[in-house]
Amino acid sequence: MRLLKDITKIIDPNRVIYGEALQAEYSHIWKMHEGLTALALVKVISTKELSTLMRWCYNNNQKVVIHGGKTNLVGSTESDKFELVISLELMNKIEELDPISRTMTVQSGVILEEVQQKASEASLLFPLNFGAKGSAQMGGIISTNAGGLRVLKYGMTRQQILGLEVVLADGTIIHSMKKIIKDNSGYDLKQMFIGAEGTLGIITRAVLKLTEAPKTRMSAFVGMKDYDQVVRCLKFIDRRLAGKLSGYELIWQESYEMMTGPMYQKPPVAHGYSYYVLIESLGGDLENDASHFQQIMEQSLEMGLYEDGALAHSESDLEWFWKIREDVHVLVSQGPVDQHFDISLPIPLIGDMIAKISELIRTLDGVIHCFPFGHVADGNIHLIVLKQHAEASLTNKINDIVYEPLKNIGGSVSAEHGIGTHKKHYLAWCRTPEEIALMQNIKRAMDPKGILNFGKIF
């Protein structure tokens, strides 16, 4: 095939995979058995090489799909037999750690956990953290503006990026790898690519913002009887900790009891409560932080803000508590087909709305379980719905139940996972026609031939 011959003139043939060899590749880490549908998969090793390849793709109207760690949950890494898949997994070097500027310069294929470990060795912290940290790559993380477990204190990925290098659809390289925090010299172009899901450009390198590593980490698991306690406890603890609260994770009863069932982790707090909250505080006072945190938790209990609780007294306790929250595969494993949701809604409405949504989902034929949990302090709730089959009619019914209530309350169908192909039908439910038209104009201006992640978002 002429196209493949041309590609192998740009990319080493040993890094071009096609034909039957694609069956050993995959589009998602949970679908390793399915094989990859694509024209070919190429693994680039440099920005210059990618630029040359994209110039060829642009001139030949060749559509491309970008692969990173393949942990995306909205279909952004799916491809068809006419699309060229470009993987950045070999661009995986940490180029520099600057402890004075408190920055790290990384290539797109570096895995999040490696960034965390490298920062830790220098007594610094890259605060982004979520369950897929061992496989998610920085390019994909930035392209989807990932959130995670510490958004409350540190913000989304967007807040952790100082500079980017990006290859545009026509091969042009945008190099804006500054280490500075303040720069009001015109448009902040890097923000165009953060959260754009690879539709405006391909991120190849980034300058990450680091912070001083905390010296203390405290956690507690608490059980609550009603949602009012969840909200009141959040406000009280956040006020008393005065900026140290870094995590406030809510797990509904059915999710907690499955996560701490006989086959999995033992429960830190007894079963039977309607809600469970995992609290984290990061601080710098080795002498007083532990006693202060314990005092706050005792006061919260005395005030009736929760019913029962457990403090983490050791590193192993911390690992135990947070493994419960991070290991959502426990929930996924309870059924043959899983459907994931990642929504944002105002904090005061979460209790009643998730109760109604869950109740309606459970009435549908073909539904096995509905497991809610999430980052309640920033209004981001996840649901994992387990089903007996993947028929579109059931999928669409569940989508409508979850997304419909968000229209009139200023909610979002995607808090941190993006739109991809799976949610693009529902984009208009949380964005105005004018907003969508502006997004499409930007897409046309930056990718006039529509070759970058075609069909994603729009």
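Scroll up for the structure.
Since the structure is predicted, the reported quantities are computational estimates derived from the model, not experimental observations.

Colleague: Just give me the short version of the sheet that holds strand β8 (residues 161-167), but keep the residues and values in it.
Modeller: Sheet architecture is open: five strands sit in the order β5-β6-β10-β8-β9, paired in antiparallel fashion. Where the open sheet ends on each side, the last strands, each with one partner, are β5 (94-98) and β9 (173-176). Across the sheet, the axes of successive neighbouring strands diverge by a mean angle of 10 degrees, strand direction being ignored. Summarising the sheet, β8 and β9 pair through four bridges and their orientation is antiparallel. By the bridge assignment for β9, Val166 is matched with Ile174.

Colleague: Report on unusual backbone geometry, specifying residues and quantitative values.
Modeller: Here the phi dihedral of Asn145 falls at roughly 50 degrees; this positive angle occurs in a residue that is not glycine. Turning to its location among the elements, Asn145 is positioned in the loop between α4 (138-143) and α5 (151-154). Residue classification places Asn145 among the buried residues on the basis of a relative accessible area of 11%. Even without being glycine, Ala242 reaches a positive phi, approximately 50 degrees.

Colleague: Could you give an account of the pattern of salt bridges, naming the residues involved and the relevant values?
Modeller: One pass over the full model with this rule turns up 19 salt bridges. The partner of Lys190 in a salt bridge is Asp188, with the nearest N and O atoms 2.9 Å apart. Under the relative-accessibility criterion, Lys190 is labelled buried at 14%. The class of Asp188 is partly exposed, set by a relative accessible area of 39%.

Colleague: Any chance you could break down the packing of aromatic side chains for me, citing the residues and the numbers?
Modeller: All chains considered together, the criterion is met by ten aromatic pairs. Here the aromatic rings of Trp320 and Phe321 are separated by 5.2 Å at their centres, their planes lie at 65 degrees, and the arrangement is edge-to-face. Of the residues examined, Trp320 reaches a relative accessible area of 18% and is grouped as buried. For Phe321, a relative accessible area of 1% translates into the label buried. On the basis of an interplanar angle of 65 degrees and a centroid distance of 5.5 Å, the ring pair of Phe341 and Tyr403 is categorised as edge-to-face. Of this pair, Phe341 sits in strand β16 (residues 337-344) while Tyr403 sits in helix α13 (residues 392-403); the two residues are 62 residues apart in sequence, bridging distant segments of the chain. With relative accessibility at 1%, the residue Phe341 sits in the buried group.

Colleague: Describe the environment of His382, and please don't skip the residues or the numbers.
Modeller: Here His382 is to be found in strand β18 (residues 380-387). Residues His382 and Ile354, spaced 28 residues apart in sequence, show a C-alpha to C-alpha distance of 9.9 Å. Those residues in contact with His382 that lie beyond four places of it in its chain are Arg325, Phe341, Asp342, Phe371, Pro372, Phe373, Gly374, His375, Glu416 and His417. In terms of polar contacts, His382 uses its side chain to reach the side chain of Glu416, at 2.9 Å.

Colleague: Can you lay out a nonpolar patch on the surface for me, pointing to particular residues and giving the numbers?
Modeller: Taken together, Tyr187, Leu189 and Met192 make up a surface patch of nonpolar side chains, about 370 Å² in accessible area. Position of Tyr187 among the secondary structure elements: in the loop between β9 and α6 (190-193). You can call Tyr187 exposed: its relative accessible area is 77%.

Colleague: Report on α13, specifying residues and quantitative values.
Modeller: Think of an α-helix as 3.6 residues a turn; residues three or four steps apart then line up on the same face. With twelve residues, α13 ought to run about 16 Å at 1.5 Å a step, and its terminal C-alpha atoms sit 16 Å apart, in line with that. Of the positions making up α13, those classed as buried are Leu394, Ile398, Asn399, Ile401, Val402 and Tyr403. Where α13 is buried, its residues touch β16, α12 (350-362), β17 (367-375) and β18.

About the cut-offs
Residues numbered from 1 in each chain as written. Predicted model: local features only at pLDDT ≥ 70, side-chain atom pairs only at ≥ 80, totals over all residues. Heavy atoms only, no water. Pairing = 2+ DSSP bridges. Helix = DSSP H or I, 4+ residues; strand = E, 2+ residues; numbered from the N terminus. Axes fitted to C-alpha atoms, helices over the stretch in contact; angles between N-to-C directions. Buried < 20%, exposed > 50% of the residue type's maximum accessible area, 1.4 Å probe, protein only. Salt bridge = Lys/Arg side-chain N within 4 Å of Asp/Glu carboxyl O. Phe/Tyr/Trp six-rings, centres within 6.5 Å; stacked < 30°, edge-to-face > 60°. Contact = heavy atoms within 4.5 Å. Polar contact = N/O pair within 3.5 Å; in protein donor to acceptor, adjacent residues only side chain to side chain. Patch = residues over 30% accessible without salt bridge, like charges linked within 9 Å, V, L, I, M, F, W, Y side chains within 5 Å. Areas by Shrake-Rupley, 256 points an atom, 1.4 Å probe, with all protein chains shown as cover. Expected span 1.5 Å × (residues − 1).

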